[in-house]
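# Examination of the molecular architecture
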Amino acid sequence: MFHPHPDIAPLLWYGDGPNKNWDDPDYPADPPNLGGHTHEVAHAIFDLDDGSRMIWEFHDNTREPSAIFSSLPVYQEQDVPPMLGYPRWSKLAPGQRWNYLRYLEEPFRPVEIGYAFLLYYGLERHLYLEDYSAAVPLIFRLRNILDHPSFWYYSSNALLIAAYRHGDCETIHHVLNDYVTHKGDFNLCVMARTCINQPLSAHELIMYHGKFGFRNTRYLRTRPEAFERELKSFLHQKYGVDGLPFNGSPADLPQAWVPAAANWTMFGRWCFLPDFTQAKDYIAAGNIALQTAHNRIKEYSKPPR
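Structural notes, computed from the coordinates. What you see is a predicted model; the values in this text were computed from it and never measured. Once a new chain begins, its residue numbering starts again from 1 and follows that chain's sequence as written. Residue-level local features of this predicted model are given only where pLDDT is at least 70; pairs of side-chain atoms are given and counted only at 80 or more, and the full residue set underlies all totals for whole chains, interfaces and linings. As a rule here, side-chain values come from all non-hydrogen atoms in the structure, and water together with hydrogens is ignored.

Moving on: the environment of Leu142. Where helices and strands are cited, they refer to DSSP runs of H or I of at least four residues and of E of at least two residues respectively, numbered from the N terminus. The residue Leu142 is located in helix H3 (residues 132-145) in this model. Distance from Leu142 to Pro107, taken between C-alpha atoms, is 8.0 Å for residues 35 residues apart in sequence. Contact between two residues is taken to exist if any of their heavy atoms lie within 4.5 Å; hydrogens are not considered. Residues contacting Leu142, with those up to four places away along its chain left out, are Tyr103, Pro107, Phe108, Leu119, Leu123 and Phe151.

The following block contains the structure:
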């Protein structure tokens with residue numbers, strides 16, 4: 001018998017049986033390549049004149065990899081192969097399906113990352129297309145357990161983009177606070193800060209120092225606390241806030257893309273953003289701030305004459 005955890009049970013996808021909620025007439029054939037990156041077509045439109053909204057069109061017409069089909073064999077095995085990248089229920093070995101169903105009974109524990117991603121694919125579909133409010137807290141719970149860079153990267157992108165579409169500033173703040181320990185996409189970080197009328201924080205400026213052309217990292221590496229303190233001091237003196245504000249128009253910038261979903265079956269999973277590395281005045285201002293912090297430490301670190 002299979003008894004999924006009650007918190008995730010309503011968000012699971014089923015391709016057959018009494019709980020069927022996913023129609024997939026082409027199962028198990030591979031989806032067609034429509035000319036984009038492997039099975040995806042991107043279509044993103046931003047209204048950046050006032051920064052108030054983002055339109056993102058999905059082409060959701062292929063199978064859901066996490067959808068459970070009871071018609072496929074499931075049984076316990078002695079030697080279960082490791083999960084491959086981009087797992088899908090239809091491609092799992094019977095023992096892997098057994099392990100996945102057991103995992104769904106206790107999903108909030110450390111696990112081989114492939115099983116967590118398979119669950120996450122389904123949650124991501126809810127995040128964008130179905131039950132957003134139920135998916136968000138579950139994804140955060142998984143993030144608290146799984147210390148995996150790819151999982152953090154994809155889920156950070158998806159949470160920020162979906163939260164922006166829903167006007168959910170609390171979730172945006174939550175994800176950006178997590179950037180302190182898990183570095184995310186630079187353009188998405190600046191875009192999110194700009195959308196909620198906040199500057200790039202001093203910590204984020206340090207984290208993305210390479211994007212600002214700052215290469216002399218001696219004091220940044222050897223005296224990180226002093227460096228951040230001096231950086232905050234300069235930024236506050238210069239801008240009145242402890243961060244680097246973006247005062248230009250994002251709509252005037254070239255575009256760069258970022259993967260918006262780990263679930264590759266969601267056509268249009270690439271999200272196009274303003275490329276803030278092309279904002280010359282902004283990049284120059286960040287470089288000056290970083291160099292000033294460096295120079296200040298260098299000056300008071302000189303031995304007395």
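Another point: the packing of aromatic side chains. Any pair of Phe, Tyr and Trp rings, taking the six-membered ring for Trp, is counted once the centres come within 6.5 Å. Such a pair is stacked with planes under 30 degrees apart, edge-to-face with planes over 60 apart, and tilted for the rest. Enumeration according to the criterion identifies 17 aromatic pairs in this entry. Ring centres 6.1 Å apart and planes at 40° place the aromatic pair Phe117 and Tyr121 in the tilted group. You can see Phe117 and its partner Tyr121 sitting in helix H2 (residues 113-129), 4 residues apart, about one turn around the helix. Accessibility classification places Phe117 together with Tyr121 in one group, the buried group. The rule is short: NZ of Lys or CZ of Arg within 6 Å of the ring centre and within 35 degrees of the ring normal puts a charge over the ring. Of note, Arg102 hangs over the ring of Trp98, and the distance from its end group to the ring centre comes to 4.6 Å. Taking NZ or CZ as reference, Arg141 lies 3.7 Å from the ring centre of Phe108, over its face. The buried label goes to any residue with under 20% of its type's maximum accessible area, the exposed label to any with over 50%, and the partly exposed label to all in between, with areas taken from a 1.4 Å probe on protein chains only.

This part takes up the pairing of strand E6 (residues 270-274). Regular strands show a simple pattern: their side chains alternate between the two faces of the sheet. Judged by how many residues are buried, E6 sits mostly within the fold: 4 of 5 residues are covered. In the sheet, strand E5 (residues 255-259) pairs with E6 via 5 bridges, with the strands oriented antiparallel. Bridged to Trp257 within E6 is Phe272. Pairs of strands are assigned from DSSP output, requiring at least two bridges between the strands.

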